[in-house]
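Residues per chain, in single letters:
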Amino acid sequence: MRIIKLDAIDSTNHFLKALSVQESCENFTVVSTESQTEGKGQRGSGWVSESGKNLTFSVLYSQKVDGITSLFTLNIMVALSVVEALKSVSNLNFVIKWPNDILAENKKIGGILIENTFKNSNEVQSIIGIGLNVNQSKFENLPQASSLFLLENKTFDREILLISIVNQLEYNLKQLPILGETHFWDAYHKILFKKNVVSAFESVAGNRFVGKIQEVTRDGKLAVMMEDDSIHFFDVKEVKMLY
């Protein structure tokens, strides 16, 4: 595992992507920073992190196109790996909120953003961006946000946690062809936030409705049972779940 540490950068995803163009980078090359000025979350939202308190890093992973039948499978593999690593240092209740928020005790402590680039006809390069609130103690105007420190009232070793996450991701990806995608999808659905629970949603047009999450499909869509028992499928940009 090669880890490149930076004091400050606009985006670890941008840095790692540019680096991979300049030189040949092996899988699981990591770029981490103490301060990120232009971090992004899902739907283009900003990711704000207090300098020196949290984990903000990106991991490179290249694969054959036929290695994973669904690109979203990589998303769930990353989310599962983060949760498994967190469980190795904490007894909090961790779940995954679609599409890729990491919650602890129903508070958001992290997020994942994966950018895929097709390098040629049979290879795709993924830059996996991960942000985790580790030791931050204050969050301005973010009532749903928290950190491991606030929830556990203790300081965590960020270096150990980073290495644990990347090692767990590498292990899981090596197990994928052995155990099969269904094994990991089943594990993902077991810790999917609000699965089979009546929940509130808001469409991109601002319309609010209630429904029950049935599953996340292999192409990353959210399957929701509506009040009339019909199943509707939503893309990431089409709907958001309200806490």
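Please read these numbers as outputs of a predicted model, since none were measured by experiment. (Residues numbered from 1 in each chain as written. Predicted model: local features only at pLDDT ≥ 70, side-chain atom pairs only at ≥ 80, totals over all residues. Heavy atoms only, no water.)

(A) The side chain of Ser-11, seen in detail. Along the chain, Ser-11 turns up in the loop between β1 (3-9) and α1 (12-22). Using a relative accessible area of 6% as the deciding quantity, one classes Ser-11 as buried. Of the polar contacts made by the side chain of Ser-11, one reaches the backbone nitrogen of Asn-13; its length is 3.2 Å. (Helix = DSSP H or I, 4+ residues; strand = E, 2+ residues; numbered from the N terminus. Buried < 20%, exposed > 50% of the residue type's maximum accessible area, 1.4 Å probe, protein only. Polar contact = N/O pair within 3.5 Å; in protein donor to acceptor, adjacent residues only side chain to side chain.)

(B) Highlighting the sheet that holds strand β3 (residues 55-64). The strand order β1-β2-β3-β7-β6-β5-β4 describes an open sheet built from 7 strands, whose pairing is mixed. Across the chains shown, the open sheet's two edge strands, defined by having one partner strand only, are β1 and β4 (94-97). Between one strand axis and the next, the sheet turns through 25° on average, direction left out of account. Where β1 lies against strand β2 (residues 30-36), 6 bridges are found, and the strand directions are parallel. Bridge pairing links Leu-6 to Thr-33 in β2. Running at roughly 15° to β3, helix α4 (residues 158-179) makes contact with β1, β2, β3 and β7 (123-132) of the sheet. (Pairing = 2+ DSSP bridges. Axes fitted to C-alpha atoms, helices over the stretch in contact; angles between N-to-C directions. Contact = heavy atoms within 4.5 Å.)

(C) Fine view of the packing of helix α2 (residues 71-87) against helix α5 (residues 181-190). Relative to each other, α2 and α5 sit at 55°, their axes nearing to 10 Å. As the angle between them shows, α2 and α5 are arranged oblique. For α2 against α5, the interelement crossing comes out left-handed. Facing α2, whose interface residues are Phe-72, Thr-73, Ile-76, Met-77 and Leu-80, α5 presents Glu-181, Phe-184, Trp-185, Ala-187 and Tyr-188. Within the contact of α2 with α5, the residues separate by chemical class into 8 nonpolar, 1 polar and 1 charged. (Parallel < 35°, antiparallel > 145°, perpendicular 65-115°, else oblique. Left-handed = near helix turned anticlockwise from the far one by under 90°. Nonpolar A, V, L, I, M, F, W, Y, C, P; charged D, E, K, R; others polar.)

(D) Layout of the packing of aromatic side chains. All told, the structure shown has 5 aromatic pairs when counted by the stated rule. Taken together, Phe-72, Trp-185 and Tyr-188 form an aromatic cluster joined through their ring pairs. (Phe/Tyr/Trp six-rings, centres within 6.5 Å; stacked < 30°, edge-to-face > 60°.)

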